[in-house]
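Below, each chain spelled out in residue letters.
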Amino acid sequence: MTQDEMKKAVGQAALAYVQPNTIIGVGTGSTVNCFIDALASIKDQIKAAVSSSEASTTRLKALGIPVVDLNEVTEFDIYVDGADEINAQMEMIKGGGAALTREKIVAAVAKRFVCIADSTKQVNVLGKFPLPVEVIPLAREYVARELKKLGGNPIYRDGVITDNHCHILDVHGLAIHDAKALEQQINQIAGVVTVGLFAHRGADVALIGSADGIITISK
């Protein structure tokens with residue numbers, strides 16, 4: 001399978017985790033777009049979706065899938081989202097699409113996190129993909145200096161404004177062996193909205209598209 005075919009395959013496979021008459025948490029990105037397209041085929045069987053980005057909200061509504069605000073929902077069964085990297089511990093780097101903060105919030109409310117990705121996203125050590133950090137604009141240069149102290153090379157993602165009206169720093173040059181500790185450390189820097197490490201709330205299930213088909217990994 002090509003990479004696009006893998007994305008479509010895992011997007012379709014994720015439908016098996018959707019229970020009838022429920023609200024579905026939906027992430028952001030090209031692989032999630034494949035899930036949204038697949039979700040349209042059973043839209044009459046679900047109540048609504050909670051979306052992690054304006055882009056996903058627009059796509060969901062265009063397909064006739066109702067979107068509800070997270071503040072109106074106490075909990076829901078699953079959150080389906082992609083990853084820029086995922087390791088064997090089901091820890092992830094996310095945020096390539098600049099939706100990391102809303103993704104992390106929606107994931108926190110879901111009972112289960114189903115990660116859909118192609119096999120190129122599997123790694124032994126996180127960090128080859130630059131680690132996104134969402135920051136308050138006023139704090140961007142201060143946060144960058146603090147990230148340099150941690151051994152990274154933060155680069156401002158010029159021209160990108162998040163849905164929360166904030167900036168993104170992409171941290172290059174990290175080899176992340178203790179993702180939980182680094183997630184906590186970066187989140188404590190004043191001015192950081194959140195870091196794109198999903199370690200404390202990692203995936204519960206990973207559907208990985210490979211040349212040989214879909215590999216299912218569960219905690």
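Undergrad: Help me understand the packing of aromatic side chains, please; the structure alone is not making it clear to me.
TA: To describe a pair of aromatic rings, one takes the distance between the centres and the angle between the planes. Across all of its chains, the model carries 1 aromatic pair by this definition. For the pair tyrosine 79 and phenylalanine 113, a centre-to-centre distance of 5.1 Å together with 75° between the ring planes defines the contact as edge-to-face. Here phenylalanine 113 lies in strand β6 (residues 110–118) and tyrosine 79 lies in strand β3 (residues 76–81), a separation of 34 residues in the sequence. Note on phenylalanine 113: relative accessible area 0%, which makes it buried. A cation over a ring is seen here: arginine 140 above tyrosine 156, with NZ or CZ 3.9 Å from the ring centre.

Undergrad: For this particular structure, what's the right way to read the packing of helix α2 (residues 30–39) against helix α3 (residues 54–62)?
TA: Relative orientation and spacing of two packed helices are given, respectively, by the angle between their axes and the distance between those axes. Packing of α2 against α3 leaves a shortest axis separation of 10 Å and a crossing angle of 25°. Regarding the angle of α2 to α3, the classification is roughly parallel. The two elements α2 and α3 cross, and the hand of that crossing is right-handed. Contact residues: α2 offers Asn33, Ile36, Asp37 and Leu39, while α3 offers Ser56, Arg59 and Leu60.

Undergrad: Could you clarify how one ought to interpret the environment of threonine 31 in this entry?
TA: Within the secondary structure, threonine 31 sits in helix α2. Taking the relative accessible area as the measure of exposure, threonine 31 reaches 6% and is therefore buried. Sequence-wise, threonine 31 and leucine 150 are 119 residues apart; in three dimensions their C-alpha atoms are separated by 31 Å. Dropping the residues within four chain positions of it, threonine 31 is found in contact with Lys7, Val10, Ile116 and Ala117.

Undergrad: What should I look at first to understand the packing of helix α1 (residues 3–13) against α2 in this one?
TA: Two elements in contact, α1 and α2, have axes whose closest approach is 8 Å; the angle formed by their N-to-C orientations is 50°. In terms of orientation, α1 lies oblique with respect to α2. As for how α1 packs across α2, the hand of that crossing is right-handed. On α2, the residues touching Lys7, Lys8, Val10, Gly11 and Gln12 of α1 are Ser30, Thr31, Cys34, Phe35 and Ala38. Taken together, the residues of the contact of α1 with α2 break down into 4 nonpolar, 4 polar and 2 charged.

Undergrad: In this structure, what is going on with the sheet that holds strand β4 (residues 85–86)? I would like to understand it.
TA: Sheet strands line up and pair through hydrogen bonds in the backbone, either parallel or antiparallel. Strand order in the open sheet formed by 3 strands is β4-β5-β11, with antiparallel pairing between adjacent strands. Because the sheet does not close on itself, it has two edges, and the strands there are β4 and β11 (197–198). Across 2 bridges, the pairing between strand β5 (residues 92–93) and β11 is antiparallel. Counted as the bridge partner of methionine 92 is phenylalanine 198 from β11.

Conventions we followed
Residues numbered from 1 in each chain as written. Predicted model: local features only at pLDDT ≥ 70, side-chain atom pairs only at ≥ 80, totals over all residues. Heavy atoms only, no water. Phe/Tyr/Trp six-rings, centres within 6.5 Å; stacked < 30°, edge-to-face > 60°. Helix = DSSP H or I, 4+ residues; strand = E, 2+ residues; numbered from the N terminus. Buried < 20%, exposed > 50% of the residue type's maximum accessible area, 1.4 Å probe, protein only. Lys NZ or Arg CZ within 6 Å of the ring centre and 35° of its normal. Axes fitted to C-alpha atoms, helices over the stretch in contact; angles between N-to-C directions. Parallel < 35°, antiparallel > 145°, perpendicular 65-115°, else oblique. Left-handed = near helix turned anticlockwise from the far one by under 90°. Contact = heavy atoms within 4.5 Å. Nonpolar A, V, L, I, M, F, W, Y, C, P; charged D, E, K, R; others polar. Pairing = 2+ DSSP bridges.

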